[in-house]
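So the chains spell out like this:
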Amino acid sequence: MSELNLILLGPPGAGKGTQADRLREDFGLAHISTGDMLRAQVEQGSELGRQAKSYMDAGELVPDEVIVGMITVRVAESDAGDGFLLDGFPRNESQADALGKALGGLERRLTAALLIEVPDEDLVRRLAGRRVCVKSPTHIYHVDFDPPKHEDVCDQDGARLIQRDDDREETIRRRLQVYHSQTEPLIAYYDRIGLLRRFDGRRSADEVHAHIRATVATLRLEEKL
Ligand SMILES: [Zn+2]
């Protein structure tokens, strides 16, 4: 068995999206976003999709069993044969437990939980320094790392640059608090069962990618033995 079944953990702004895209390309993994999966199942009107919709219509959270049931169906599809990268799940220890049991029922298991670590202060600096053009939101600058020639003016069209509400320091700190309270127990859980691999997210995206790729390649070799 040489499949790679991975989950990716890390705070907002750590670059999980970029690393997920690269890992998927490197190792041919199915990228399973639970949010996308949920929407797709509801649209298709599958049995699990109908169950999920009844909770969503009632304004309730979709129970873990329903989500885990969907993941079980999804990982059996052909594109996940070499493995998958799970995004957005699990978010807590009981979900992690339910996922582990469901995969066990399929005679599969997680290969690793990859954690991209970045100190809060670095994340605040990264995110709060972002400025976007009012005319074209794809014109993005950073006050420290990629400043415009003239303060608060877009180099490309001369429009004003603003800080989005999402990038405000208070908003970022609130999101980080939520992240820490939800995810730290999960990190401890994967550490306890020997699946956690840590990566220094203060480095450049290329360096983080190289480190993750090397680690994952080694894990796959070990799986083959
Ligand atoms: Zn612009």
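Everything that follows concerns the structure shown earlier in this document.
Residues numbered from 1 in each chain as written. Predicted model: local features only at pLDDT ≥ 70, side-chain atom pairs only at ≥ 80, totals over all residues. Heavy atoms only, no water.

A. Region of the structure containing the overall build of the protein chain. Helix and strand counts for the protein chain come out as eight helices and eight strands. Each of the 225 residues in the protein chain was classed as buried or not, and the buried ones make up 42%. Within the protein chain, contacts between residues separated by at least 24 positions form 69% of all contacts whose residues are at least 6 apart in sequence. Surface summary for the protein chain: the accessible area is close to 12,400 Å², and the carbon and sulfur share equals 48%. In the protein chain, 31 positive and 40 negative side-chain charges are present, and the distance between their average locations comes to 2 Å. (Helix = DSSP H or I, 4+ residues; strand = E, 2+ residues; numbered from the N terminus. Buried < 20%, exposed > 50% of the residue type's maximum accessible area, 1.4 Å probe, protein only. Contact = heavy atoms within 4.5 Å. Areas by Shrake-Rupley, 256 points an atom, 1.4 Å probe, with all protein chains shown as cover. Lys, Arg positive; Asp, Glu negative; His and termini not counted. Charge placed at Lys NZ, Arg CZ, Asp CG, Glu CD.)

B. Focus on the sheet that holds strand β6 (residues 140-142). Within the open sheet, the three strands sit side by side as β6-β5-β7. Their pairing is antiparallel. Strands with a single pairing partner mark the edges of an open sheet, and in this sheet they are β6 and β7 (161-162). With three bridges joining them, strand β5 (residues 130-133) and β6 adopt antiparallel strand pairing. Within the sheet, the bridge partner assigned to R131 lies in β6 and is Y141. The sheet strands contacting helix α6 (residues 120-128) are β5 and β6, and the helix crosses β5 at an angle near 15°. (Pairing = 2+ DSSP bridges. Axes fitted to C-alpha atoms, helices over the stretch in contact; angles between N-to-C directions.)

C. Structural context of the coordination of the zinc ion. Coordination of the zinc ion by the protein involves C133 (SG), H139 (ND1), C154 (SG), D157 (OD) and D157 (OD), with metal-donor separations of 2.2 to 2.5 Å. Spacing between the donor residues of the zinc ion along their common chain follows C-x5-H-x14-C-x2-D. A relative accessible area of 14% places H139 in the buried class. (Donors = N, O, S within 2.8 Å, 3.2 Å for Na, K, Ca; no water.)

D. Just the environment of T138, in detail. Looking at the element boundaries, T138 is found in the loop between β5 and β6. On the basis of relative accessible area, T138 is assigned to the exposed category, the value being 65%.

E. Looking closely at the packing of helix α2 (residues 34-44) against helix α4 (residues 64-75). With their axes 11 Å apart at the nearest point, α2 and α4 run at an angle of 90° to one another. The orientation of α2 relative to α4 falls into the category roughly perpendicular. When α2 is examined against α4, the residues T34, M37, L38 and Q41 are found in contact with a partner set consisting of I67, M70, I71 and R74. For the contact of α2 with α4, the per-class residue count stands at five nonpolar, two polar and one charged. (Parallel < 35°, antiparallel > 145°, perpendicular 65-115°, else oblique. Nonpolar A, V, L, I, M, F, W, Y, C, P; charged D, E, K, R; others polar.)

F. Quick look at the layout of surface pockets. By volume, the largest pocket amounts to about 450 Å³. Lining the largest pocket are 23 residues, with L8, G10, K16, G88 and R91 sitting closest to its centre. Contributing elements (two or more residues each) for the lining of the largest pocket: β1 (4-9), α1 (16-27), β3 (83-87) and α7 (169-192). Per element, the largest residue contribution to the lining of the largest pocket is six residues, and it comes from α7. By volume, the second largest pocket amounts to about 340 Å³. L61, V62, I67, R91 and Q95 are the residues nearest the centre of the second largest pocket, which is lined by 15 residues in total. Among the elements of the structure, α2 and α4 are those that each provide at least two residues to the lining of the second largest pocket. (1 Å grid on protein atoms, 1.4 Å probe; cavity = no way out; pocket = protein on both sides within 12 Å on 5 of 7 lines; lining within 4 Å. Points joined across faces, edges and corners; volume = space filled by probe spheres on them.)

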